[in-house]
Amino acid sequence: MSCVGELSDCCARLRTLRKWWRPGEVDVIEECIEEAEQLPEREAAEREALRAAEDELRDLVPNGTDATQSRWRELQRRVTAARKSLNDLAVAASALYAALGVELWWARSNHWREGVELANAHGR
């Protein structure tokens, strides 16, 4: 499983620069990448739950009975919960993108700095 979109690109770039991660942040970066990789599967499960609840809700025929009203409320709760979960996952993806973007910048800066130091050492 992998991240998607810009988050996926950020994860991939960060992995290639692992050597230049900030030492104190290695565990956090790994946890963030792992969480980012789980997002697509979690989102797919929530989308399926939402689709199933919406399909059942659409097919529910109002007939004035307490059982139908109860079923309608249950399905509405499922729809609302799935939509909230999808929103929460989108917020999490945005937060991960921001956090990993910062770490990518640091890794790229450290890589660049090492290259400059190496070039200067050979130039002397």
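S.K.: What am I meant to see in the overall build of the chain here?
M.R.: Along the backbone of the chain there are 3 helices and 0 strands. Against the globule reference of 14 Å for 124 residues, the chain gives a C-alpha radius of gyration of 23 Å, more extended than a compact globule. For the chain, the spread of C-alpha atoms along the three principal axes comes to 90 × 20 × 15 Å. Across the 124 residues of the chain, 23% fall into the buried class. In the chain, the share of contacts with a sequence separation of at least 24, taken over all contacts with a separation of at least 6, comes to 72%.

S.K.: Would you explain the side chain of Glu103 in this entry?
M.R.: With respect to the secondary-structure elements, Glu103 resides in helix H3 (residues 66-123). In this structure Glu103 comes out as buried when scored by relative accessible area, which is 8%. Looking at Glu103, its side chain comes within polar contact range of the side chain of Arg22, at 2.4 Å.

S.K.: Where do I start with the nonpolar core in this structure?
M.R.: The tendency in soluble globular proteins is for nonpolar side chains to be buried as a group. The biggest cluster of nonpolar side chains holds 17 residues, and the ones touching the most others in it are Leu7, Leu14, Ile33 and Leu100. Within the second largest apolar cluster, 7 residues are counted, among which are Leu50, Ala53, Leu75 and Val79.

S.K.: Teacher, can you tell me more about helix H1 (residues 5-16) here?
M.R.: Residue pairs three or four apart in sequence face the same way in an α-helix, which turns once every 3.6 residues. A rise of 1.5 Å per residue sets the reference length of H1, with its 12 residues, at 16 Å; its end C-alpha atoms lie 17 Å apart and thus fit the reference within 8%. For H1, the secondary structure elements touched by its buried residues are helix H2 (26-59) and H3.

S.K.: Could you clarify how one ought to interpret the packing of aromatic side chains in this entry?
M.R.: Each aromatic ring pair is characterised by the separation of its centres together with the angle its planes make. Applying the stated criterion across every chain yields a total of 1 aromatic pair. Considering the side-chain rings of Trp105 and Trp106, the 5.1 Å spacing of their centres and the 80 degrees angle between planes classify their relative orientation as edge-to-face. In this structure Trp105 comes out as exposed when scored by relative accessible area, which is 53%. Assessed through its relative accessible area of 30%, Trp106 is described here as partly exposed.

S.K.: What am I meant to see in a nonpolar patch on the surface here?
M.R.: A cluster of nonpolar side chains, contributed by Val102, Trp105 and Trp106, occupies part of the molecular surface with about 310 Å² of accessible area. Tracing the sequence through the fold places Trp106 in helix H3.

S.K.: Would you mind showing me how to read H2 here?
M.R.: Counted at 1.5 Å a residue, the expected span for H2 with its 34 residues is 50 Å, and the 50 Å between its end C-alpha atoms agrees. At Leu39, H2 is bent by approximately 30 degrees, the largest bend along its length, and proline Pro40 sits one to four residues beyond. Within the span of H2, buried status applies to Ile29, Cys32, Ile33, Ala36, Leu39, Pro40, Leu50, Ala53 and Leu57. Where H2 is buried, its residues meet H1 and H3.

S.K.: Explanation requested: the confidence of the model for the chain in the structure shown.
M.R.: Across the chain, pLDDT averages 93, with 96% of residues at or above 70. Taken element by element, the chain is modelled with least confidence in H1, mean pLDDT 93, and with most confidence in H2, mean pLDDT 96.

S.K.: I would appreciate a short explanation of the environment of Arg58 in the present structure.
M.R.: Topologically, Arg58 is positioned in helix H2. Considering only alpha carbons, one finds Arg58 and Leu89, 31 residues apart in sequence, at a separation of 25 Å.

Rules of the game
Residues numbered from 1 in each chain as written. Predicted model: local features only at pLDDT ≥ 70, side-chain atom pairs only at ≥ 80, totals over all residues. Heavy atoms only, no water. Helix = DSSP H or I, 4+ residues; strand = E, 2+ residues; numbered from the N terminus. Rg over C-alpha atoms; globule rule 2.2 N^0.38 Å. Buried < 20%, exposed > 50% of the residue type's maximum accessible area, 1.4 Å probe, protein only. Contact = heavy atoms within 4.5 Å. Polar contact = N/O pair within 3.5 Å; in protein donor to acceptor, adjacent residues only side chain to side chain. Core = buried A, V, L, I, M, F, W, Y, C linked by side-chain atoms within 4.5 Å. Expected span 1.5 Å × (residues − 1). Phe/Tyr/Trp six-rings, centres within 6.5 Å; stacked < 30°, edge-to-face > 60°. Patch = residues over 30% accessible without salt bridge, like charges linked within 9 Å, V, L, I, M, F, W, Y side chains within 5 Å. Areas by Shrake-Rupley, 256 points an atom, 1.4 Å probe, with all protein chains shown as cover. Salt bridge = Lys/Arg side-chain N within 4 Å of Asp/Glu carboxyl O. Bend = angle between axes of the 7 residues up to and from the residue. pLDDT = per-residue confidence, 0-100.

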